[in-house]
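Residue strings, one per chain:
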Amino acid sequence: MRVVHLIGGGDEGGAKSHVLSLVQALRQFIDVSLVSFRKGPFHDDAITMGIDAYVIPTRGLPSDVRRALVVVQKSPCNLLHAHGAKGNLVGVILSRMTGIPLVTTVHSDYRLDYMHSLPKRLTYGLVNTVALRKIHHHISVSENFREMLTERGFDPQHIHAVYNGIPFDNDIPVCTRAEFFQKYHVPFPEDSLIIGIMARLHPVKDHETFLRACASVSAEYPQARFLIGGPGDLLSHLERFAENLGIRNKVHFAGMVTNPYDFFQIIDINVLTSISESFPYVILEGARFAKPTVSSRVGGLRSLFVQGENGFLFEPKDVKALSGYLKELCASESLRKRLGQQLYETARDRFSLQSMCQTQLSIYDKILASEKRDKQDGKKVDIVLLGYYGYKNSGDEAILKALTDRLRAVRPNVRIVVLSRNPSETRKGMKVAAIHRFNVLKAYRVLKKARLFIAGGGSLIQDNTSTRSIFYYLAMLSMAMKCGSRTMLLANGIGPITKPANRTWAGRVLNKLDAITLRDPDSLIELHALGVHIKNIEVTADPAVLLHTVDNEPALSRGLCDNGQDLIGFSIRKWSNTDATVRIVAEMADYCAVSYGVCPVFLPMQHPDDVVVSKRVIAQMHNKALLIDQASRPEVMMAFIGKLQFLVGMRLHSLIYAANVGVPMAGLVYEPKVSSFLDEVLQPVLCHIGTEDMTLWKERLDSAWENRAALKDCLNEKINGLRTAAEKNITIALTLVDMPKAISARKNPD
């Protein structure tokens, strides 16, 4: 494998360290070349390190591209790897010219790179922003940068995280304070307590916060001195700032430090005050010498620091917190030694250069395998998922979460696009690509690139809510077929479909699908009644039974029933006779509070509709009741349900959540899908909403409450079977993805 790295060449600090150390380490395993577009220390250091490096002094974009192309074509090249604005722009053009895949590393928040210069922000910054959007694969050097890119609309499935790493086993020449002080004209006594910050003089590094904290520390610890390493345009401003704080004689600006390790050897405390970072090298470089560290809580530092155990983190610009931590360290040499040693051990074990190199190599392999497959069939998306997603309905979000998690567990590199009502939230929450479900033009373009289109789960093929709903889903299935995508209806509940025209159209479309899976046997009967008899039809189970809970959910539990009182849950929704339902449920909840000594808690699954109807119930009650009025991730809500003694559910997925965590339940049936699930897991029905037997609930509830241990045993017996059935959805979907061409939806001969 040969990879050509493209970079501007004027880089300093973390980006320079990352690229040079990475390229040098990669040379042990693959053929690597490095192209920079500026003469200077970056290229000189690359040559010194033995890297196959080329410098192309910029003479205009066409000339730069031509000369870079010569390097790329010097020998077969498999991948281009860009860094920074100039590298990204040239990389995009070269990739288009040659067809060679391109990946870029995002070393910083590109919106802040030129915050100190409006002209540069409107030129280099704008060019870089556009170029980043043209690049298919991105590497972030911290998890928070992955989140940043996801929030800005980049596909999270093509964002790979590579944490910075440094060697921990190399020999480093010793640098004494006397040598450093002489070289950089430092006027401090050699026995000073030196607090240092290594960062270029740029607004994003926020040296003003550092200097304010220095003034506070100096007032209590006069032996402290403050050393600032790094070049930049803000030198005169920061010198005046220190003068105004009355500490100019205790602050020294060392300028560009040619060997950063010299700096970290001679300081006592390492500091970083940036307002934005990816994963700063200066923290690792300080850790290499076991220096106690205080840093702003930026970038991926949460993955390195354990607060108070191996260092201190503070919120950006919080001068008071920074000052406090520095004073604590100034007061105790033993604390400095302990925190420094702990930080060294953590960094050595988790952020080595070897680990960074191996992660980078695995990313290259994934990108090349993905690009190779795309070229074979011309597709770029494995699965497009459509359901009732992005509407703040916990049940449907649970289906989506379970599907995406299980698909990725079986096929880690599967590429998914979700049609969602709220694409931004879906991208962040599910870590998938997402587009708006009603952006038909964009959906059409995605479907042209897709191997499989899935509609599911839930009850999509029905006209009980409106004809618009069934029209939309059938139309999207039809469009997917016309785009050449294989099609699947997954874990659906079919019906009710009452209008003859809708039944005819549904039968016609569904008979052309490549596969259909259903969540219950009743849906199979309805499907046959529609005249659908394709070969690949199977009754499976709702994917939500595959959802994993979280270990705890403190946000939901906080402040609830501090007296330790047991909880009984209620999950209800509005329906055609909501007034009567509200009255009955309020009576039920009061009955439970008095008869069983429990506290009723209402669990809205659809926001805000279920919140409104739950508040109406609570308003009619005579006893205390609680309400979870905040929207929560499905796995968090499920974890909370696991704390209940019993659940009374009208919402289907509240019952599925309870089944997943072994909580006995009883149902309020408003549609057949609820009773069908209760029958499958051998749990009782309290009443059917809108029928006369709503008066029988008390006797049935008493029986269920008294027998809840036996009901729990029934759940444990049945849930594994449902999970096995639900896994078939995943198997069938991935089988369709892998097929070289669409299967004909032939009818069974009988």
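Computed from a predicted structure; not experimentally measured.

Cut-offs used in this document
Residues numbered from 1 in each chain as written. Predicted model: local features only at pLDDT ≥ 70, side-chain atom pairs only at ≥ 80, totals over all residues. Heavy atoms only, no water. Pairing = 2+ DSSP bridges. Helix = DSSP H or I, 4+ residues; strand = E, 2+ residues; numbered from the N terminus. Axes fitted to C-alpha atoms, helices over the stretch in contact; angles between N-to-C directions. Contact = heavy atoms within 4.5 Å. Buried < 20%, exposed > 50% of the residue type's maximum accessible area, 1.4 Å probe, protein only. Arc of directions from axis to C-beta. Salt bridge = Lys/Arg side-chain N within 4 Å of Asp/Glu carboxyl O. Phe/Tyr/Trp six-rings, centres within 6.5 Å; stacked < 30°, edge-to-face > 60°.

Caption draft 1: Seen up close, the sheet that holds strand 20 (residues 537-539). Pairing is parallel across the open sheet formed by seven strands, whose spatial order is 16-15-14-17-18-19-20. If you trace the sheet from one side to the other, it starts and ends with strand 16 (433-436) and strand 20, each paired once. Ignoring strand direction, the axes of neighbouring strands in this sheet form an average angle of 20°. Relative to strand 17 (residues 450-458), helix 17 (residues 440-448) is tilted by about 120°, and along the sheet it contacts strand 14 (381-386), strand 15 (416-420), strand 16 and strand 17.

Caption draft 2: Representation of helix 16 (residues 423-430) within the structure. Within helix 16, the full set of buried residues consists of Pro423, Thr426, Arg427 and Met430. Down the axis of helix 16, the smallest arc covering the buried residues is 100°, so these residues share one side. On the buried face of helix 16, the contacting elements are helix 6 (143-151), helix 15 (394-410), strand 15 and strand 16. A positive backbone phi angle near 55° is found at Lys431, which sits one or two residues after helix 16.

Caption draft 3: Highlighting the pattern of salt bridges. In this structure the tally under the stated criterion is 34 salt bridges. For the salt bridge of Arg373 with Asp382, the shortest nitrogen-to-oxygen distance reads 2.9 Å. Residue classification places Arg373 among the partly exposed positions, given a relative accessible area of 25%. A residue is classified by how much of its surface remains accessible, and Asp382, at 2% relative accessible area, is buried. Each member of the salt-bridge network shares a partner with another, and the members are Arg373, Asp374, Asp377, Asp382, Arg411, Arg415, Arg451 and Asp738.

Caption draft 4: Up close: the packing of aromatic side chains. Summed over all chains, the structure comprises 20 aromatic pairs. When the ring of Tyr110 is compared with that of Phe154, the centres are 6.5 Å apart and the planes differ by 75°; the resulting orientation is edge-to-face. Taken together, the positions of Tyr110 in the loop between strand 5 (102-106) and helix 5 (118-134) and Phe154 in the loop between helix 6 and strand 7 (159-161) put the pair 44 residues apart, joining distant regions of the chain. A relative accessible area of 5% means that Phe154 is categorised as buried. Each ring, one from Tyr388 and one from Tyr391, has its centre 4.2 Å from the other, and the planes form 5°; the classification is stacked. Since its relative accessible area comes to 31%, Tyr388 is described here as partly exposed.

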